[in-house]
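Architecture at a glance
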Amino acid sequence: MAMPRGLTLALILSLSSLYLSTASTDGFLQCLREKIPSELIFTQGSSSFTDVLVSSIRNPRFFTNTTVRPLCIVTPTDASHVQAAVLCGRMNGVRLRVRSGGHHYEGLSYRSERAEVFGVVDLTNLRAITVNANDGAPTAWGAIDVLTKWQDVAPTLPNEINIRAWGEKYFGANFQRLAAVKGAVDPTDYFRNEQSIPPLLQSN
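Just so it is clear, the model here is predicted, and its values are computed rather than measured.

1. Looking at the overall build of the chain
- When you go through the chain residue by residue, the secondary structure sums to seven helices and four strands.
- Each helix and strand of the chain, placed in order from N terminus to C terminus, yields the pattern α-α-β-α-β-α-β-β-α-α-α.
- Here the chain holds 204 residues, and the buried ones make up 36% of them.
- A separation of at least 24 residues holds for 69% of the contacts in the chain among residues at least 6 apart in sequence.
- Surface exposure of the chain reaches about 12,700 Å², of which carbon and sulfur atoms provide 55%.

2. Looking at the environment of Glu116
- By secondary structure assignment, the location of Glu116 is in the loop between strand 3 (95-99) and strand 4 (118-122).
- When its relative accessible area of 11% is taken as the criterion, Glu116 is described as buried.
- Spatially, the C-alpha atoms of Glu116 and Pro70 are 8.8 Å apart, while their sequence positions differ by 46 residues.
- Of note is the side chain of Glu116, whose polar atom sits 2.8 Å from the side chain of Arg97.

3. Considering helix 4 (residues 79-92)
- An ideal rise of 1.5 Å per residue puts 20 Å on 14 residues; helix 4 measures up with 20 Å between its terminal C-alpha atoms.
- Within helix 4, burial applies to His81, Ala84, Ala85, Val86, Cys88, Gly89 and Asn92.
- Once helix 4 finishes, Gly93 follows within two positions and takes phi at roughly 70 degrees, a positive value.

4. Focus: the environment of Gln195
- Along the chain, Gln195 falls in the segment after helix 7 (175-185).
- The exposure class of Gln195 is partly exposed, given its relative accessible area of 23%.
- Separated by 89 residues in sequence, Gln195 and Glu106 have C-alpha atoms that sit 9.8 Å apart.

5. Focus: the packing of aromatic side chains
- Here the structure, examined in full by the defined rule, presents one aromatic pair.
- An angle of 85 degrees between the planes, with centres 5.0 Å apart, marks the rings of Tyr190 and Phe191 as edge-to-face.
- Geometry around Tyr190 places Arg90 over its ring, the cationic atom sitting 4.5 Å from the centre.

6. Observations concerning the sheet that holds strand 4
- Read from one edge to the other, the open sheet built from four strands follows the order 1-2-4-3, with strand pairing classed as mixed. Each edge of the sheet is formed by a strand with only one pairing partner; in this case those strands are strand 1 (41-43) and strand 3. The mean angle between the axes of side-by-side strands here comes to 25 degrees, regardless of whether they run parallel or antiparallel.
- Sheet analysis places strand 2 (residues 72-74) next to strand 4, joined by two bridges and oriented parallel. Looking across to strand 4, one finds that Ile73 is bridged to Val120.

7. A look at the nonpolar core
- Membership of the largest hydrophobic core comes to 19 residues, with the highest contact counts inside it found for Phe28, Leu29, Leu32, Ile36, Cys72, Ala85 and Leu96.
- Put simply, the parts of the chain that give this core at least two residues each are helix 2 (25-35), strand 2 and helix 4.
- Apart from the residues lying within four places of it in its own chain, the contact partners of Ile36 are Ile41, Val74, His81, Ala84 and Ala85.
- Counting residues in each nonpolar core, the second largest holds 10 residues, with Phe42, Phe49, Val52 and Ile73 among its members.

8. Focus: the state of the cysteines
- Under the definition given, this model contains one disulfide.
- Across the disulfide, Cys31 is cross-linked to Cys88 (sulfur-sulfur distance 2.0 Å). In this structure the cystine formed by Cys31 and Cys88 twists about its S-S bond by roughly -75 degrees; its chirality is therefore left-handed. Residue Cys31 is found in helix 2, and its partner Cys88 is found in helix 4; the two are separated by 57 residues along the sequence.
- Judged by its relative accessible area of 0%, Cys88 falls in the buried class.
- Cysteine Cys72 is unpaired, with the sulfur of Cys88 as its nearest cysteine sulfur at 9.5 Å.

Analysis parameters
Residues numbered from 1 in each chain as written. Predicted model: local features only at pLDDT ≥ 70, side-chain atom pairs only at ≥ 80, totals over all residues. Heavy atoms only, no water. Helix = DSSP H or I, 4+ residues; strand = E, 2+ residues; numbered from the N terminus. Buried < 20%, exposed > 50% of the residue type's maximum accessible area, 1.4 Å probe, protein only. Contact = heavy atoms within 4.5 Å. Areas by Shrake-Rupley, 256 points an atom, 1.4 Å probe, with all protein chains shown as cover. Polar contact = N/O pair within 3.5 Å; in protein donor to acceptor, adjacent residues only side chain to side chain. Expected span 1.5 Å × (residues − 1). Phe/Tyr/Trp six-rings, centres within 6.5 Å; stacked < 30°, edge-to-face > 60°. Lys NZ or Arg CZ within 6 Å of the ring centre and 35° of its normal. Pairing = 2+ DSSP bridges. Axes fitted to C-alpha atoms, helices over the stretch in contact; angles between N-to-C directions. Core = buried A, V, L, I, M, F, W, Y, C linked by side-chain atoms within 4.5 Å. Disulfide = S-S within 2.5 Å.

This is the structure we're talking about:
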(Lines give C-alpha, C1' and ligand atoms only; values in the text may rest on other atoms or scores of the structure.)
Protein backbone atom coordinates (compact mmCIF):
# COMPACT_ATOMS: atom_id res chain seq x y z
CA MET A 1 0.00 0.00 0.00
CA ALA A 2 1.41 3.40 -0.96
CA MET A 3 2.31 5.74 1.87
CA PRO A 4 0.42 9.07 1.86
CA ARG A 5 2.57 11.97 0.65
CA GLY A 6 2.03 13.92 3.87
CA LEU A 7 3.22 11.00 5.99
CA THR A 8 6.23 10.47 3.70
CA LEU A 9 7.24 14.13 4.04
CA ALA A 10 6.85 14.00 7.82
CA LEU A 11 9.02 10.88 7.99
CA ILE A 12 11.76 12.50 5.89
CA LEU A 13 11.75 15.63 8.05
CA SER A 14 11.88 13.51 11.21
CA LEU A 15 14.87 11.54 9.95
CA SER A 16 16.63 14.75 8.92
CA SER A 17 16.02 16.26 12.35
CA LEU A 18 17.33 13.11 14.00
CA TYR A 19 20.57 13.27 12.03
CA LEU A 20 21.02 16.97 12.72
CA SER A 21 20.49 16.40 16.43
CA THR A 22 23.04 13.58 16.61
CA ALA A 23 25.77 15.63 14.97
CA SER A 24 27.82 17.54 17.54
CA THR A 25 28.72 20.74 15.72
CA ASP A 26 30.37 22.38 18.73
CA GLY A 27 32.41 19.28 19.44
CA PHE A 28 33.45 19.03 15.81
CA LEU A 29 34.64 22.64 15.61
CA GLN A 30 36.43 22.41 18.95
CA CYS A 31 38.18 19.24 17.82
CA LEU A 32 39.32 20.94 14.60
CA ARG A 33 40.69 23.92 16.52
CA GLU A 34 42.70 21.62 18.77
CA LYS A 35 44.28 19.69 15.91
CA ILE A 36 44.54 22.11 12.96
CA PRO A 37 46.01 25.64 12.79
CA SER A 38 43.21 28.17 13.17
CA GLU A 39 44.18 30.04 10.00
CA LEU A 40 43.23 26.94 7.99
CA ILE A 41 39.68 26.73 9.38
CA PHE A 42 36.86 28.95 8.10
CA THR A 43 33.52 28.76 9.91
CA GLN A 44 30.32 30.45 8.76
CA GLY A 45 31.09 33.27 11.17
CA SER A 46 34.53 33.92 9.65
CA SER A 47 34.90 37.09 7.60
CA SER A 48 36.57 35.10 4.80
CA PHE A 49 34.13 32.19 4.78
CA THR A 50 32.15 33.24 1.70
CA ASP A 51 35.29 34.20 -0.23
CA VAL A 52 36.83 30.79 0.41
CA LEU A 53 33.56 29.02 -0.39
CA VAL A 54 33.12 30.71 -3.78
CA SER A 55 36.82 30.61 -4.68
CA SER A 56 36.45 27.58 -6.95
CA ILE A 57 32.72 27.56 -7.70
CA ARG A 58 32.27 27.21 -11.44
CA ASN A 59 28.49 27.20 -11.66
CA PRO A 60 26.70 30.10 -9.89
CA ARG A 61 23.38 28.37 -10.56
CA PHE A 62 24.09 26.15 -7.56
CA PHE A 63 25.14 28.94 -5.22
CA THR A 64 22.09 30.90 -4.10
CA ASN A 65 20.57 32.16 -0.86
CA THR A 66 18.90 28.77 -0.37
CA THR A 67 22.05 26.70 -0.93
CA VAL A 68 22.78 24.36 2.00
CA ARG A 69 26.29 25.45 2.96
CA PRO A 70 28.98 23.70 4.97
CA LEU A 71 29.41 24.23 8.68
CA CYS A 72 33.04 25.08 7.98
CA ILE A 73 35.78 24.78 5.39
CA VAL A 74 39.15 23.27 6.22
CA THR A 75 42.04 24.15 3.89
CA PRO A 76 44.78 21.67 4.84
CA THR A 77 48.41 22.20 3.92
CA ASP A 78 49.54 18.80 5.16
CA ALA A 79 48.17 15.27 5.11
CA SER A 80 47.98 15.33 8.91
CA HIS A 81 45.38 18.11 8.69
CA VAL A 82 43.18 15.93 6.49
CA GLN A 83 43.55 13.04 8.91
CA ALA A 84 42.59 15.29 11.82
CA ALA A 85 39.51 16.60 10.00
CA VAL A 86 38.31 13.06 9.26
CA LEU A 87 38.93 11.98 12.86
CA CYS A 88 37.01 14.97 14.23
CA GLY A 89 34.17 14.41 11.80
CA ARG A 90 33.77 10.74 12.64
CA MET A 91 33.97 11.38 16.38
CA ASN A 92 31.22 14.00 16.24
CA GLY A 93 28.91 12.64 13.56
CA VAL A 94 29.74 15.31 10.98
CA ARG A 95 30.26 14.17 7.40
CA LEU A 96 32.88 15.73 5.15
CA ARG A 97 32.77 16.60 1.48
CA VAL A 98 36.04 16.88 -0.37
CA ARG A 99 36.68 19.67 -2.86
CA SER A 100 39.64 19.69 -5.18
CA GLY A 101 39.36 21.87 -8.27
CA GLY A 102 35.69 22.59 -7.62
CA HIS A 103 34.85 21.67 -11.21
CA HIS A 104 31.87 19.45 -10.35
CA TYR A 105 29.05 20.92 -12.45
CA GLU A 106 26.37 20.51 -9.77
CA GLY A 107 28.62 21.69 -6.95
CA LEU A 108 28.20 18.62 -4.75
CA SER A 109 31.68 19.07 -3.32
CA TYR A 110 30.60 22.17 -1.40
CA ARG A 111 26.80 21.97 -1.04
CA SER A 112 24.09 19.47 -0.14
CA GLU A 113 20.71 18.90 -1.74
CA ARG A 114 19.18 18.15 1.67
CA ALA A 115 19.36 19.72 5.10
CA GLU A 116 22.36 18.20 6.85
CA VAL A 117 25.40 19.18 8.87
CA PHE A 118 28.62 18.74 6.92
CA GLY A 119 32.07 20.21 6.52
CA VAL A 120 34.26 20.74 3.46
CA VAL A 121 37.89 19.76 3.15
CA ASP A 122 39.30 21.97 0.40
CA LEU A 123 42.47 20.44 -1.07
CA THR A 124 43.55 23.54 -3.00
CA ASN A 125 46.75 23.91 -0.99
CA LEU A 126 47.82 20.29 -1.44
CA ARG A 127 49.78 20.17 -4.68
CA ALA A 128 51.63 16.84 -4.56
CA ILE A 129 51.26 13.21 -3.53
CA THR A 130 53.92 10.64 -2.73
CA VAL A 131 53.30 6.91 -3.20
CA ASN A 132 55.77 4.26 -2.06
CA ALA A 133 55.13 1.36 -4.41
CA ASN A 134 57.92 -0.75 -2.92
CA ASP A 135 56.81 -1.04 0.70
CA GLY A 136 55.03 -4.35 0.16
CA ALA A 137 51.61 -3.05 1.19
CA PRO A 138 48.60 -4.12 -0.91
CA THR A 139 47.39 -1.47 -3.34
CA ALA A 140 43.83 -0.24 -3.55
CA TRP A 141 43.64 -1.19 -7.21
CA GLY A 142 44.27 -4.80 -6.25
CA ALA A 143 41.26 -4.84 -3.98
CA ILE A 144 38.98 -6.15 -6.71
CA ASP A 145 40.65 -9.55 -6.45
CA VAL A 146 39.26 -10.16 -2.95
CA LEU A 147 35.88 -8.45 -3.27
CA THR A 148 32.46 -9.52 -4.39
CA LYS A 149 31.91 -9.01 -8.11
CA TRP A 150 29.94 -5.86 -8.84
CA GLN A 151 27.36 -7.62 -10.97
CA ASP A 152 26.36 -9.71 -7.94
CA VAL A 153 25.86 -6.69 -5.66
CA ALA A 154 24.56 -3.93 -7.90
CA PRO A 155 21.05 -5.38 -8.43
CA THR A 156 20.41 -5.14 -4.68
CA LEU A 157 20.92 -1.37 -4.59
CA PRO A 158 17.80 0.80 -4.22
CA ASN A 159 16.36 1.52 -7.65
CA GLU A 160 15.45 5.09 -6.75
CA ILE A 161 19.08 6.06 -6.34
CA ASN A 162 20.03 4.98 -9.87
CA ILE A 163 23.68 4.97 -8.84
CA ARG A 164 24.46 1.84 -10.82
CA ALA A 165 23.02 3.19 -14.07
CA TRP A 166 24.67 6.58 -13.61
CA GLY A 167 28.02 5.12 -12.56
CA GLU A 168 28.26 2.60 -15.37
CA LYS A 169 27.36 5.22 -17.97
CA TYR A 170 29.82 7.77 -16.59
CA PHE A 171 32.78 5.54 -15.68
CA GLY A 172 32.16 2.65 -18.05
CA ALA A 173 34.28 -0.43 -17.40
CA ASN A 174 36.11 1.36 -14.57
CA PHE A 175 33.02 1.56 -12.36
CA GLN A 176 33.45 -1.89 -10.81
CA ARG A 177 37.09 -1.18 -10.00
CA LEU A 178 36.28 2.23 -8.50
CA ALA A 179 33.49 0.71 -6.38
CA ALA A 180 35.98 -1.89 -5.13
CA VAL A 181 38.45 0.81 -4.14
CA LYS A 182 35.66 2.68 -2.38
CA GLY A 183 34.78 -0.46 -0.46
CA ALA A 184 38.41 -0.98 0.54
CA VAL A 185 39.17 2.55 1.76
CA ASP A 186 35.71 3.80 2.84
CA PRO A 187 33.50 0.78 3.59
CA THR A 188 31.07 2.81 5.74
CA ASP A 189 30.59 5.37 2.94
CA TYR A 190 31.63 8.25 5.19
CA PHE A 191 32.67 10.36 2.21
CA ARG A 192 29.59 10.56 0.05
CA ASN A 193 27.37 12.92 -1.86
CA GLU A 194 24.32 12.54 -4.03
CA GLN A 195 26.33 11.14 -6.95
CA SER A 196 29.23 9.38 -5.25
CA ILE A 197 30.22 5.80 -5.99
CA PRO A 198 28.87 3.27 -3.45
CA PRO A 199 31.31 0.95 -1.66
CA LEU A 200 31.68 -2.59 -2.95
CA LEU A 201 32.21 -4.59 0.22
CA GLN A 202 34.32 -7.67 0.81
CA SER A 203 32.72 -11.08 0.52
CA ASN A 204 32.21 -13.19 3.64
